[in-house]
Amino acid sequence: MVESRAFVETASGQRLINRLCKHWAHKLEVDAESGHVVFPGGECWMKASDSQLSVDLQAEDAERLERLKDVVASHLERMAGKEPVSVVWQ
């Protein structure tokens, strides 16, 4: 398994988690209360604080991890709407 983490500066972290989980629930296994999403070949854990959203990804291999990073980042940016968010993976 390979992993990556991102911290997104936002005061809307919990709202973003709720929107993402609701969006993905029609196709994926989702636990909105814990911010956990199971993707094919990987998993995502999201946690909000007052000023930040942390996103942890774990995938079967590096290729799948890169795809999941793109998917999660693009969805976060879309769900944030007019709020500018920057997703930087570590």
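Residues numbered from 1 in each chain as written. Predicted model: local features only at pLDDT ≥ 70, side-chain atom pairs only at ≥ 80, totals over all residues. Heavy atoms only, no water.

Counting its regular elements, the chain contains 2 helices and 5 strands. Put simply, the chain runs from its N terminus to its C terminus through helices and strands in the order β-α-β-β-β-β-α. For the chain, whose C-alpha radius of gyration is 12 Å, the value lies close to the compact-globule estimate of 12 Å for 90 residues. Overall, the C-alpha framework of the chain stretches about 30 × 30 × 20 Å when taken along its three principal axes. (Helix = DSSP H or I, 4+ residues; strand = E, 2+ residues; numbered from the N terminus. Rg over C-alpha atoms; globule rule 2.2 N^0.38 Å.)

Moving on, we come to the packing of aromatic side chains. With the rule as written, the count across this model stands at 1 aromatic pair. With 5.1 Å between their ring centres and 80° between their planes, Trp24 and Phe39 make a pair best called edge-to-face. Pair noted here: Trp24 is in helix 1 (residues 13–24) and Phe39 is in strand 3 (residues 36–39), with a separation of 15 residues, a long-range link. On the basis of relative accessible area, Trp24 is assigned to the buried category, the value being 5%. Relative accessible area serves as the criterion here: at 8%, Phe39 is assigned to the buried category. (Phe/Tyr/Trp six-rings, centres within 6.5 Å; stacked < 30°, edge-to-face > 60°. Buried < 20%, exposed > 50% of the residue type's maximum accessible area, 1.4 Å probe, protein only.)

The subject of this paragraph is the pairing of strand 4 (residues 42–48). In the sheet, strand 3 pairs with strand 4 via 4 bridges, with the strands oriented antiparallel. Paired with Val38 across the bridge in strand 4 is Glu43. A loop of 2 residues connects strand 3 with strand 4, the two strands running antiparallel in sequence, and Gly41 in this loop sits at a positive phi of about 80°. Where strand 4 lies against strand 5 (residues 52–59), 7 bridges are found, and the strand directions are antiparallel. (Pairing = 2+ DSSP bridges.)

Strand pairing in a sheet relies on backbone hydrogen bonds. The paired strands run either parallel or antiparallel. Spatial ordering of the open sheet is given by 1-5-4-3-2, a layout of 5 strands whose pairing is antiparallel. Two strands bound the open sheet, and with one partner strand each, they are strand 1 (2–9) and strand 2 (29–31). On average, adjacent strands in this sheet sit at an angle of 15° to one another, irrespective of strand direction. Taken strand by strand, helix 1 contacts strand 2, strand 3, strand 4 and strand 5, and its axis lies near 150° from that of strand 4. (Axes fitted to C-alpha atoms, helices over the stretch in contact; angles between N-to-C directions. Contact = heavy atoms within 4.5 Å.)

Let's shift gears to the pattern of salt bridges. Applying the stated rule across the entire model yields 4 salt bridges. Here Arg5 ties to Asp56 by a salt bridge, and the two come within 2.4 Å at their closest N and O atoms. Residue Arg5 is located in strand 1, and its partner Asp56 is located in strand 5; the two are separated by 51 residues in the primary sequence. The exposure class of Arg5 is partly exposed, given its relative accessible area of 38%. Notably, a salt bridge pairs Arg67 with Glu63, separated by 2.8 Å at the nearest N-O pair. You can see Arg67 and its partner Glu63 sitting in helix 2 (residues 62–79), 4 residues apart, about one turn around the helix. (Salt bridge = Lys/Arg side-chain N within 4 Å of Asp/Glu carboxyl O.)

Distances and angles like these do not, on their own, reveal function.
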